[in-house]
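In case you want the letters, here they are:
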Amino acid sequence: TTSIQNLQRAREEYSVFGDKIRGKTCVETPHGVLHVTLHGTRTTRRPAILTFHDVGLDSKSCFSPLFKFEEMQEIVKNFTLIHIDAPGQEEGAAAYPAGYQYPSMETISEMIPAVLQFFNFRTVIGVGVGAGAYILARFALTNPDAVEGLVLINIDTNARGWIDWAAQKLSSVTSSLTEQILCHLFSQEELSSSTDLVQSYRERISKAPNLSNMELLWKSYNSRRDLIFDRNSAFKCPVMLVVGDHAPYEDAAVECNSKMDPTTTSFLKMADAGGLPQLTQPAKLTEAFKYFIQGMGYMASSCMTRLSRSRTTSLSSSYSMDGSRSRSRTLSQGSQGGQMPPSPSQTMEVSC
């Protein structure tokens, strides 16, 4: 009854066209309210694709270029997409009062089950960037049965060490909050070149009405705790780690990969992607995401034919991609129509 009432409330706030759904709502959780955007196909027979953004961004600015990309529509039309905004980070959010106790990364991860219950989804495929990747990783470790797959972009599973803490304190004195966040989001090359993307996000962040809320999330992320796991006690689902070449968290992603189960982990290092590959290389990330989902059994091989034919030159080396939880598959540069021959290598590392 509760699930039916929740879905009825959602339908009142969402635009529904046949089996398509789009809109925004607020979800009450034990730790406060989350603003959620829903779109895609209205179905609970498959896991929802649940996204979580990074510091300095919201769900729209972090994921729109990726999920509005033309070839991504093959996925969007078959899944429900749930985009979560961290507390106070949604577009138009009012600034929190002085002294407000912002939730920790752990607490935010504990808010996610209420979202799944609200929309009556038993499982999700998580896609997170930066702070969002950390939050989804923590959620997956504490709720393994609720997560069927994870795509973690720019993940750093470690707490800040003393040297990092001291550097952050110095940075907070010598640099504005906007510049600190930009150094978190973009590579040094992008910042030095002052690319159009960097300039647009510098303006967006510096003029954000909820800049004080961003600072609270930034401090919460910098106060994160270590995620404790190793190859014998890692994630129970397939994981794809993604990082741009020379991105701020390249070393952290490599270290995370070294602690993962190689039979269920894929590692994608993207050349010319900068700090935010979902914005700069949506085509290549879409390609990898489609193969990841296909390996989980949710994309038919026939759906991949056009993609494989048009993108065979986009990868500069062959790589292995984990399949379902009980088997592994391999994607090679010349594979066609989703035909993926076996390979002895279970972990992928590719420059594309």
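For the structure, see preceding data.
This structure is a prediction, so every number in the text was calculated from the model and none was measured.

Calculation rules
- Residues numbered from 1 in each chain as written.
- Predicted model: local features only at pLDDT ≥ 70, side-chain atom pairs only at ≥ 80, totals over all residues.
- Heavy atoms only, no water.
- Helix = DSSP H or I, 4+ residues; strand = E, 2+ residues; numbered from the N terminus.
- Buried < 20%, exposed > 50% of the residue type's maximum accessible area, 1.4 Å probe, protein only.
- Contact = heavy atoms within 4.5 Å.
- Areas by Shrake-Rupley, 256 points an atom, 1.4 Å probe, with all protein chains shown as cover.
- Core = buried A, V, L, I, M, F, W, Y, C linked by side-chain atoms within 4.5 Å.
- Salt bridge = Lys/Arg side-chain N within 4 Å of Asp/Glu carboxyl O.
- Axes fitted to C-alpha atoms, helices over the stretch in contact; angles between N-to-C directions.
- Parallel < 35°, antiparallel > 145°, perpendicular 65-115°, else oblique.
- Nonpolar A, V, L, I, M, F, W, Y, C, P; charged D, E, K, R; others polar.

*Asks:* Is there a simple way to think about the overall build of the protein in this case?
*Replies:* A count of helical and extended segments in the protein gives 15 helices and eleven strands. Within the protein, the fraction of its 352 residues that count as buried is 56%. Expressed as a percentage of contacts within the protein between residues at least 6 apart in sequence, the contacts between residues at least 24 apart total 73%. As presented, the protein carries roughly 15,100 Å² of accessible surface, and 50% of it is formed by carbon and sulfur atoms.

*Asks:* Can you walk me through the nonpolar core in this structure?
*Replies:* One recurring pattern in soluble globular proteins: nonpolar side chains tend to sit buried together. Within the largest apolar cluster, 95 residues are counted, with the highest numbers of intra-cluster contacts made by Ile49, Ile82 and Phe289. Here this core takes eight residues from helix H6 (residues 131-142), the largest share from any one element. Setting aside anything within four residues of it in sequence, one finds Ile49 in contact with Phe67, Ile75, Phe79, Thr80, Leu81, Ile82, Ile125, Val127, Phe289 and Ile293.

*Asks:* What's the story with the pattern of salt bridges in this structure? I'm lost.
*Replies:* Two side chains with opposite charge may pair up if their charged atoms get near one another. For the coordinates displayed, the defined rule picks out eight salt bridges. The partner of Lys207 in a salt bridge is Glu203, and the shortest N-O contact between them spans 3.2 Å. Given a relative accessible area of 61%, Lys207 falls into the exposed group. The exposure class assigned to Glu203 is partly exposed, which follows from its relative accessible area of 44%.

*Asks:* How do you make sense of the pairing of strand S5 (residues 80-85) when you look at a structure like this?
*Replies:* The two faces of the sheet receive side chains in turn, since in a regular strand these alternate between them. Counting buried positions along S5 yields six of six residues, so the element is predominantly enclosed. Side chains of S5 alternate between two faces, with Thr80, Ile82 and Ile84 and Leu81, His83 and Asp85 buried alike.

*Asks:* Explain the packing of helix H2 (residues 59-67) against helix H14 (residues 282-295) here, please?
*Replies:* For any two helices packed against each other, the geometry comes down to the angle between their axes and how far apart the axes lie. Packing of H2 against H14 brings their axes to within 9 Å, and their N-to-C directions diverge by 75°. The pairing of H2 with H14 is recorded here as roughly perpendicular in orientation. Only Pro282, Leu285, Thr286 and Phe289 of H14 make contact with H2, whose side of the interface consists of Pro65, Leu66 and Phe67. Split into classes, the residues belonging to the contact of H2 with H14 amount to six nonpolar, one polar and no charged.

Interpretation in functional terms is not warranted from these geometric data alone.
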